[in-house]
Amino acid sequence: MEDNNKRVTVREQDDNYTHNIVRLNERSLDRRGFMKTMVGAAGLFAISTLPWGGLAAKQLFAKEENPFPKKKIADVATLAKGEAMEFHYPSEHESALIIRVGENEYKAYQNACTHLKCPVFWGKEEKELLCPCHHGKFDVMTGKPVAGPPRRPLPEITVQVENGVIYATGVKPYEA
Amino acid sequence: MKRSYVGVLLLCLVVLMNIIFTQYAVNFFYAQKYINVILLSLGNVGLFPIAWLIYKKEKNQGGVR
Ligand code: FES
C-alpha cells in the first residue's frame, strides 16, 4: 500500500500497462468473502422461489372459475384394445397418454413422469407405463408408481365416450 | 482476538434452510398444496434479510487480519 504514493520506476521491459495490477490474493476466499457468497446465495434462493409462489397464488385464485375444457381425444375406432395414443390436455403444452385397457375401458394420464418430467410411454408387453429416463414404472389402472424413482402418481385425466368419440373432461386432483 | 466462525456457521444454516424450502416448495406445487408453496417461498424471501443481518453483524468478528 505504501508504494501507491511513491513514484515507482518500472524497468523498460516491464512497462506494458499491466505492471501496476496487483494480483496478490486475487483468488483467495477469506471468511468474509465466503459469508458474502452465502448471503448472495440466500438472495438467489429467495428470488428463485418467487415464481413458484406466484404460480401457486394464480392457481389458488383461478381454481373455481376454471373447470377443465371438454376436448376430443380420438374416435373409438382408431384406438384398438391394448393400444395407447398420445394427446395433449388440458393445454397444448401438457402431453398426455390414453390407453384402451379393456373393450370399454380407457385410462388417461398426463404422461410427464413425476420424477423428472420425461415422457412416460405405454409398455404393451409389460402392461405398465414406463419411463425411459430412469426406468420408472407406473400402474395403468391407478397411475401409482410401482418401481423406480417416481414417488407420486401420474395425474389422471377423466375420459368420457359419446357416440364413438372419446373426450377428455378433466384432470383429477391429487388425493394425497 | 480469537477468530469467530459463528457467522459462517449461521449462514451455512440459512442456506441449508433455503435449499430445503425450495425443494419443498417445488414438490408441494406439483402436489397442488398451493398454500404451502406460497408460505415456503415467503419463508425463502424472509431468510434473505436474516442472512444479510448475520453478515452485517459478523463481518468484523474475524480477528487478526
Ligand atoms: S424421469 Fe421418469 S424415472 Fe426419472
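Just so it is clear, the model here is predicted, and its values are computed rather than measured.

This next bit is on the overall build of chain B. In terms of helices and strands, chain B carries two helices and zero strands. Going through the 65 residues of chain B one by one, you find that 34% of them count as buried. Long-range pairs, those at least 24 residues apart, make up 68% of the contacts in chain B with a sequence separation of at least 6.

Here we come to helix 1 (residues 6-30) of chain B. Residues and elements named next belong to chain B. With 25 residues, helix 1 should reach 36 Å at 1.5 Å per residue; the first-to-last C-alpha distance of 37 Å fits that figure. Burial in helix 1 covers these residues: Gly7, Val8, Leu11, Val14, Val15, Asn18, Thr22, Ala25 and Phe29. Positive phi shows up at glutamine 32, right after helix 1, with a value of about 60°.

So, on to the state of the cysteines. A covalent bond between the sulfur atoms of two cysteines is referred to as a disulfide. Residue and element names in this part refer to chain A. On inspection of all chains with the given rule, the structure shows one disulfide over all chains. The disulfide partner of cysteine 118 is cysteine 133, and the S-S distance across this bridge is 1.9 Å. Across the S-S bond of cysteine 118 and cysteine 133 the torsion is about -90°, and the bridge reads as left-handed. Of this pair, cysteine 118 sits in the loop between strand 4 (105-110) and strand 5 (121-123) while cysteine 133 is found in the loop between strand 6 (128-130) and strand 7 (137-138), placing the two residues 15 residues apart along the sequence. For cysteine 118, a relative accessible area of 15% translates into the label buried. Judged by its relative accessible area of 34%, cysteine 133 falls in the partly exposed class.

Residues and elements named next belong to chain A. Judged by pairing direction, the sheet is antiparallel, and its six strands sit side by side in the order 1-10-9-4-3-2 without closing on themselves. Edge positions in the open sheet fall to strand 1 (71-75) and strand 2 (84-88), since each of these has one partner strand only. Mean inter-strand twist for the sheet, computed between neighbouring axes without regard to direction, equals 30°. As paired elements, strand 9 (residues 156-162) and strand 10 (residues 165-171) share six bridges and run antiparallel to each other. When the bridges of strand 10 are listed, valine 161 appears paired with isoleucine 166.

Let us now look at the pattern of salt bridges. Residues and elements named next belong to chain A. In this structure the tally under the stated criterion is eight salt bridges over all chains. A salt bridge links lysine 70 to glutamate 162, with the nearest nitrogen and oxygen atoms 3.0 Å apart. Remark: glutamate 162 occurs in strand 9 and lysine 70 occurs in the loop between helix 1 (31-62) and strand 1; sequence separation between them is 92 residues. Assessed through its relative accessible area of 47%, lysine 70 is described here as partly exposed. The partner of glutamate 83 in a salt bridge is lysine 124, and the shortest N-O contact between them spans 2.8 Å. Pair noted here: glutamate 83 is in the loop between strand 1 and strand 2 and lysine 124 is in the loop between strand 5 and strand 6, with a separation of 41 residues, a long-range link. One salt-bridge network, in which partners are shared between bridges, spans Lys107, Glu156 and Lys172.

Taken together, the contact between chain B and chain A spans 36 residues of the former and 28 residues of the latter. For the chain B and chain A pair, buried surface summed over both sides reaches about 2,900 Å², with 74% attributable to carbon and sulfur atoms. Three residues stand out in chain B for area buried against chain A, namely Tyr30, Tyr34 and Tyr55 of chain B, and they jointly supply 21% of the buried area on that side. Along the contact surface separating chain B from chain A lie zero salt bridges.

Turning to the pairing of strand 9 of chain A, a few remarks are in order. For a regular strand, side-chain orientation follows a simple rule: the groups alternate between the two sheet faces. All names here are of chain A. Note: strand 4 against strand 9, two bridges, orientation antiparallel. Bridged to tyrosine 109 within strand 9 is glutamate 156. Counted along the chain from strand 9 to the antiparallel partner strand 10, the turn is two residues long, and its residue asparagine 163 has a positive phi close to 50°.

Quick notes on the rules
- Residues numbered from 1 in each chain as written.
- Chains lettered and ligands numbered in written order.
- Predicted model: local features only at pLDDT ≥ 70, side-chain atom pairs only at ≥ 80, totals over all residues.
- Heavy atoms only, no water.
- Helix = DSSP H or I, 4+ residues; strand = E, 2+ residues; numbered from the N terminus.
- Buried < 20%, exposed > 50% of the residue type's maximum accessible area, 1.4 Å probe, protein only.
- Contact = heavy atoms within 4.5 Å.
- Expected span 1.5 Å × (residues − 1).
- Disulfide = S-S within 2.5 Å.
- Pairing = 2+ DSSP bridges.
- Axes fitted to C-alpha atoms, helices over the stretch in contact; angles between N-to-C directions.
- Salt bridge = Lys/Arg side-chain N within 4 Å of Asp/Glu carboxyl O.
- Buried area = accessible area lost by both parts, 1.4 Å probe.

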